[in-house]
Amino acid sequence: GELTPDEVRASEFFQSSDRNGDGTIGNSELQSLFERLGIALPSAQIYSIASNVDKDSESGIQVNDIITHWTKRLQSLINEDDVAQWLSHAVRLPQYEENFRTNF
């Protein structure tokens, strides 16, 4: 079937984050994504975030993981303030909330 607008956005986000184009977002790509947001995270925290999103425990986050996470958990995020709050509370990175607000 056709993708919903939310699924299209999630898919576009995935494509922009899958830097090497192999169909998965590995831990190094996830780390790079956070670094582009100005967030430096230890490897253990990157692994924890990846495990939370990679529900089928494949070798990395796949587009279906992002679509599921995006549409099921992030549906209510409609603006930068909501994303900043999600970053602070859902991902448990409150120290980066202000950085996100300032840069996005």
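Throughout what follows, the structure given in this document is the object of discussion.

1. A look at the nonpolar core
- Counting 17 residues, the largest nonpolar core has I25, L30, F34, I39, L41, I61 and I66 as its most contacted members.
- Counting only elements with at least two residues in this core, the list comes to α1 (5–17), α2 (27–36), α3 (43–53) and α4 (63–73).

2. Considerations on the packing of α1 against α2
- The geometry of α1 relative to α2 is characterised by a closest axis approach of 10 Å and an angle of 100° between their N-to-C directions. What the angle tells us is that α1 and α2 run roughly perpendicular. Side by side, α1 and α2 meet where F13, S16 and S17 of the first sit next to E29, L33 and R36 of the second.
- Considering only residue class, the contact of α1 with α2 consists of 2 nonpolar, 2 polar and 2 charged.

3. Regarding the environment of I39
- Within the secondary structure, I39 is located in the loop between α2 and α3.
- The class of I39 is buried, set by a relative accessible area of 2%.
- Residues I39 and Y96, spaced 57 residues apart in sequence, show a C-alpha to C-alpha distance of 6.7 Å.

4. Here's the deal with the environment of D54
- Residue position: D54 is located in the loop between α3 and β2 (61–62).
- You can call D54 buried: its relative accessible area is 9%.
- Considered as a pair, D54 and H69 are 15 residues apart in the sequence and their alpha carbons are 8.9 Å apart.
- Setting aside anything within four residues of it in sequence, one finds D54 in contact with G60, I61 and D65.

5. Remarks on α3
- Looking at α3, one finds that the buried residues are I46, I49, A50 and V53. Around the axis of α3, the buried residues are gathered within 100° of arc, so they sit on the same side. Opposite the packed face of α3, turned more than 90 degrees from it, sit the exposed residues A44 and Y47.

6. So, the side chain of S11
- With respect to the helices and strands, S11 occurs in helix α1.
- For S11, a relative accessible area of 18% gives the class buried.
- The residues contacting S11, other than those within four sequence positions of it, are V63 and I67.

The rules we used
- Residues numbered from 1 in each chain as written.
- Predicted model: local features only at pLDDT ≥ 70, side-chain atom pairs only at ≥ 80, totals over all residues.
- Heavy atoms only, no water.
- Core = buried A, V, L, I, M, F, W, Y, C linked by side-chain atoms within 4.5 Å.
- Buried < 20%, exposed > 50% of the residue type's maximum accessible area, 1.4 Å probe, protein only.
- Helix = DSSP H or I, 4+ residues; strand = E, 2+ residues; numbered from the N terminus.
- Axes fitted to C-alpha atoms, helices over the stretch in contact; angles between N-to-C directions.
- Parallel < 35°, antiparallel > 145°, perpendicular 65-115°, else oblique.
- Contact = heavy atoms within 4.5 Å.
- Nonpolar A, V, L, I, M, F, W, Y, C, P; charged D, E, K, R; others polar.
- Arc of directions from axis to C-beta.

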